[in-house]
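Structure assessment
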Amino acid sequence: SAVISQKPSRDICQRGTSLTIQCQVDSQVTMMFWYRQQPGQSLTLIATANQGSEATYESGFVIDKFPISRPNLTFSTLTVSNMSPEDSSIYLCSVEDQTFATNEKLFFGSGTQLSVL
Amino acid sequence: GENVEQHPSTLSVQEGDSAVIKCTYSDSASNYFPWYKQELGKRPQLIIDIRSNVGEKKDQRIAVTLNKTAKHFSLHITETQPEDSAVYFCAAKRGSWGKLQFGAGTQVVVTP
């Protein structure tokens, strides 16, 4: 399976500031996603990061708050803008590996634990 | 869109016993059903998955069953061990380019 590196692993930020999370994959992947996992909760899809075009956001998430870049098939960033304490969550990058052997399986990066004061 | 319900929310079992987690889905066109295990402070890890053309799949002590008619699927863990303690998430997806919809998760605690 693809090796997914995500950084930072954790950060403590002041409200009103922004944080950019990076996700690097060791192979080219078509589908990259960003998820949020609030404390003790399930995984919620924020957006699909599309290479060469604007990200596709899920209901309840907007580009102004969570701008995403996807400059190539191995890298993406998620920015959490104008943060408030409600943004305190784990943010997870994920990729869908569609090679023959793994066929649509979704793998996750190690996550970014964000705390907003 | 797809809605996945997962039960129970918590499950305590004695070491060596079996654990069963059940999920139901709403979209009859969903055709891919993975299960993830998330240990405390770690990323979710894919442990087993099943496609809609298969009724059951096993991998050592874990198995997944799928009932398409009833639109539910289950995770079975046999001979549980303390290292099986984690949160387990089921998910469902429609088509090759669909998005995974996750269940709410089940906290499994295996006591020695």
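Everything that follows concerns the structure shown earlier in this document.
Notes on the structure follow. Note that this is a predicted model, so its numbers are computed, not measured.

Observations concerning the packing of aromatic side chains
On inspection of all chains with the given rule, the structure shows 11 aromatic pairs over all chains. Between the aromatic rings of F108(A) and F102(B), the centroid separation amounts to 6.2 Å while the plane-to-plane angle is 55°, which identifies the pairing as tilted. Here F108(A), found in strand β10 (residues 105-108), pairs with F102(B), found in strand β10 (residues 101-102), and the two come from separate chains. Like F102(B), F108(A) is buried. Joined through ring pairs, the aromatic side chains of Y35(A), F108(A), Y36(B) and F102(B) make up one cluster.

Considering unusual backbone geometry
Cis geometry marks the peptide bond from K7(A) to P8(A), where omega comes out at 5°. Topologically, P8(A) is positioned in the loop between β1 (4-7) and β2 (10-13). For the bond from H7(B) to P8(B), the omega torsion is -5°, close enough to zero to count as cis. Its location among the elements puts P8(B) in the loop between β1 (4-7) and β2 (10-14). Of note in this structure, N82(A) is not a glycine but carries a positive phi near 45°. Examined against the element boundaries, N82(A) turns out to sit in the loop between β8 (75-80) and β9 (89-97). In the Ramachandran plot, K71(B) falls in the positive-phi region, its phi being about 55° despite a non-glycine side chain. Position of K71(B) among the secondary structure elements: in the loop between β7 (62-67) and β8 (72-77).

Observations concerning the pattern of salt bridges
This structure, assessed with the given rule, holds seven salt bridges over all chains. Of the charged contacts, one joins K99(B) and E58(A) as a salt bridge, the two residues approaching to 3.0 Å between their closest N and O atoms. Residue K99(B) is found in the loop between β9 (86-92) and β10, and its partner E58(A) is found in the loop between β6 (56-57) and β7 (68-72); the two belong to separate chains. Judged by its relative accessible area of 39%, K99(B) falls in the partly exposed class. Between D49(B) and K57(B) there is a salt bridge whose closest N-O contact spans 2.9 Å. Residue class for D49(B) comes out buried when judged on its relative accessible area of 5%. Given a relative accessible area of 35%, K57(B) falls into the partly exposed group. Each of K105(A), D49(B) and K57(B) takes part in a single network of salt bridges with overlapping partners.

Focus on the state of the cysteines
Here is the idea: a disulfide is a covalent bond, and it sits between the sulfur atoms of two cysteines. A full pass over the atoms with the stated rule returns two disulfides over all chains. One disulfide bridge connects C23(A) with C93(A), the sulfur atoms lying 1.9 Å from each other. The chirality of the disulfide connecting C23(A) with C93(A) is left-handed, given an S-S dihedral of about -60°. In this pair, C23(A) is assigned in strand β3 (residues 19-25) and C93(A) in strand β9, connecting sequence segments 70 residues apart. As far as the burial class goes, C23(A) and C93(A) line up, both buried. Across the disulfide, C23(B) is cross-linked to C90(B) (sulfur-sulfur distance 1.9 Å). Its S-S torsion of about -100° marks the bond between C23(B) and C90(B) as left-handed, since a negative value means left-handed.

Criteria and cut-off values
Residues numbered from 1 in each chain as written. Chains lettered and ligands numbered in written order. Predicted model: local features only at pLDDT ≥ 70, side-chain atom pairs only at ≥ 80, totals over all residues. Heavy atoms only, no water. Phe/Tyr/Trp six-rings, centres within 6.5 Å; stacked < 30°, edge-to-face > 60°. Helix = DSSP H or I, 4+ residues; strand = E, 2+ residues; numbered from the N terminus. Buried < 20%, exposed > 50% of the residue type's maximum accessible area, 1.4 Å probe, protein only. Salt bridge = Lys/Arg side-chain N within 4 Å of Asp/Glu carboxyl O. Disulfide = S-S within 2.5 Å.

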